Amino acid sequence: MLIAFGAVLGKVGPFELLVMSLFGIVGYTLNEDIVYNVLGCFDAGGSMPIHTYGAYFGLTVCFILSRKVPVTKKVETTLVNSTFAMIGTFFLWMFWPSFNAGYFPANGFQTSLVISNTIISLTGSCLSTFILSAFLHDKFNMELILNATLAGGVAIGAPSGLVANPGISLTIGIAAGVISSICFSKLNETLY
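What you see is a predicted model; the values in this text were computed from it and never measured. (Residues numbered from 1 in each chain as written. Predicted model: local features only at pLDDT ≥ 70, side-chain atom pairs only at ≥ 80, totals over all residues. Heavy atoms only, no water.)

## Examining the overall build of the protein chain
Heads up, the condition is: Strands here are runs of E lasting at least two residues and helices are runs of H or I lasting at least four, both read from the DSSP assignment and numbered beginning at the N terminus. Both definitions apply: the radius of gyration is a C-alpha atom measure, and the globule rule equals 2.2 Å times residues to the power 0.38. When a residue's accessible area, from a 1.4 Å probe over protein chains only, is under 20% of the maximum for its type it is buried; when over 50% it is exposed; and in between it is partly exposed. Here, two residues are considered to be in contact whenever any of their heavy atoms come within 4.5 Å of each other. Methods summary: accessible areas were calculated by the Shrake-Rupley approach with a probe of 1.4 Å, and residue burial reflects only the protein chains presented. For this count, His and the chain ends are skipped, Lys and Arg are scored as positive, and Asp and Glu as negative. Taken as the charge centre is NZ of Lys, CZ of Arg, CG of Asp or CD of Glu, depending on the residue.
For the protein chain, the count of helices and strands is 8 helices and 0 strands. Going from N to C terminus, the protein chain has its helices and strands arranged as α-α-α-α-α-α-α-α. Taking 2.2 N^0.38 as the reference for a compact globule, 192 residues should give roughly 16 Å; the C-alpha atoms of the protein chain span a radius of gyration of 17 Å, in line with that estimate. Projecting the C-alpha coordinates of the protein chain onto the three principal axes gives extents of approximately 50 × 45 × 25 Å. Classification of the 192 residues of the protein chain by burial places 33% in the buried group. For the protein chain, restricting intrachain contacts to residue pairs at least 6 apart in sequence, the fraction spanning at least 24 positions comes to 70%. Carbon and sulfur atoms form 73% of the exposed surface of the protein chain, whose accessible area is close to 11600 Å². On the protein chain, the mean spot of the 7 positive side-chain charges and the mean spot of the 8 negative ones are 12 Å from each other.

## Observations regarding the packing of aromatic side chains
Note the following rule: Two aromatic rings from Phe, Tyr or Trp, using only the six-membered ring of Trp, form a pair when their centres are within 6.5 Å; if the ring planes differ by under 30 degrees the pair is stacked, by over 60 it is edge-to-face, and anything between is tilted.
Under the criterion given, the structure shown has 5 aromatic pairs. With centroids separated by 5.6 Å and ring planes inclined at 15 degrees, the aromatic side chains of Tyr53 and Phe57 adopt a geometry described as stacked. Taken together, the residues Tyr53 and Phe57, both in helix α3 (residues 47–68) and 4 residues apart, mark about one turn of the helix. Overall, Tyr53 belongs to the buried group, its relative accessible area being 17%. Measuring from centroid to centroid gives 5.1 Å for Phe130 and Phe140, while their planes differ by 85 degrees, and the two rings are edge-to-face. Linking Phe130 in helix α5 (residues 108–137) with Phe140 in the loop between α5 and α6 (142–148), this pair joins segments that are 10 residues apart in sequence. According to the relative accessible area criterion, Phe140 is exposed, its value standing at 53%. Joined through ring pairs, the aromatic side chains of Tyr28, Tyr53 and Phe57 make up one cluster.

## Here we look at the nonpolar core
The criterion, for reference: Buried residues of nine kinds, namely Ala, Val, Leu, Ile, Met, Phe, Trp, Tyr and Cys, make up a nonpolar core once their side-chain atoms join them within 4.5 Å.
In this structure, Ala4, Phe5, Val8, Met20, Tyr53, Phe57 and Val61 together form the largest nonpolar core, which totals 7 residues. Those elements giving two or more residues to this core turn out to be α1 (2–8) and α3. Leaving out residues up to four positions away in the same chain, Ala4 has contacts with Met20, Gly54, Phe57 and Gly58.

## Quick notes on the side chain of Ser169
The residue Ser169 is located in helix α8 (residues 166–191) in this model. On the accessibility criterion, Ser169 (0% relative accessible area) is buried.

## Describing a nonpolar patch on the surface
Just so we agree on the cut-off: Patch definition: residues with relative accessible area over 30% and no salt bridge; like charges joined within 9 Å; nonpolar side chains (Val, Leu, Ile, Met, Phe, Trp, Tyr) joined within 5 Å. The salt bridge definition used is simple: a Lys or Arg side-chain nitrogen within 4 Å of an Asp or Glu carboxyl oxygen.
Where nonpolar side chains cluster on the molecular surface, the patch consists of Val80, Phe84, Ile87, Phe91, Met94 and Phe95 and spans about 650 Å² of accessible area. With respect to the element layout, Ile87 can be found in helix α4 (residues 79–100).

## Quick look at the packing of helix α2 (residues 14–38) against α3
Short version of the rule: Each axis is a line fitted through C-alpha atoms, and for a helix only the stretch in contact is used; angles between axes span 0 to 180 degrees, taken between their N-to-C directions. Roughly parallel means an angle under 35 degrees; roughly antiparallel, over 145; roughly perpendicular, 65 to 115; everything else is oblique. The sense of a crossing depends on the near helix, which, turned anticlockwise from the far helix by less than a right angle, makes the crossing left-handed and, turned clockwise, makes it right-handed. Residues were grouped as follows: Ala, Val, Leu, Ile, Met, Phe, Trp, Tyr, Cys and Pro as nonpolar; Asp, Glu, Lys and Arg as charged; and all remaining residues, including Gly, as polar.
Running from N to C, α2 and α3 point in directions that differ by 140 degrees, and their axes come no closer than 10 Å. One way to sum up the angle between α2 and α3 is to call them oblique. Crossing handedness for the pair α2 and α3: right-handed. Residues Met20, Phe23, Gly24, Gly27, Tyr28, Asn31, Glu32, Val35 and Tyr36 of α2 lie in contact with α3, whose contacting residues are Met48, Pro49, Ile50, Tyr53, Phe57 and Val61. Residues of the contact of α2 with α3, tallied by class, amount to 11 nonpolar, 3 polar and 1 charged.

## As for the layout of surface pockets
Spelled out, the test is: Cavities and pockets were defined on a 1 Å grid built from protein atoms only: a cavity is a group of points that admits a 1.4 Å probe but offers it no way out, a pocket is an open group of points flanked by protein on both sides within 12 Å along at least five of seven lines, and a lining residue is one with an atom within 4 Å of any such point. Grid points are joined across faces, edges and corners, and a volume is the space filled by probe spheres set on the points.
Looking at the second largest pocket, its volume works out to about 200 Å³. Lining the second largest pocket, in full, are Val12, Glu16, Leu17, Val19, Met20, Phe23, Phe57, Val61, Ile64 and Leu65. Those elements that place two or more of their residues in the lining of the second largest pocket are α2 and α3. The greatest single-element share of the lining of the second largest pocket, amounting to 5 residues, is contributed by α2.

Rendered as structure tokens:
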């Protein structure tokens, strides 16, 4: 639900978040059952049931709210908000490998494979994000960096226990960082 909350944060109150949670948890449970039990997917990091569902649920709530509440002004951040968000990103970056390795790995080798693939993919998304941030904005853009540096951890979540080549992990991370950076930059320009 925290992923979905990110889409509406600051636009709704506690009651709306509670209602959103009630619907979201029921939908998440159904989605998780379909992904793992009906489709039989292997997803070490929860990319399909957690991140994809959270993102699309948040977008759906935004779509519904956009018909009711018009956008009045561009959302702006402060130095304090950006600092706390960067601290949160650091913690997520450090703990993402253990998150991906927490459920499926059956032995030490598979655990180390998931952890190393996640670190390599996160590194790729960080590199591509910083390069594109400087290229697209002529300087490092904190919002872009906060949004795209973790994209590699999400993208490698499903195949992290299956990929045996570090080059593939790096490529997945770079691609995730590039896609996330470009989409975030262009969507912000389009919306505001």
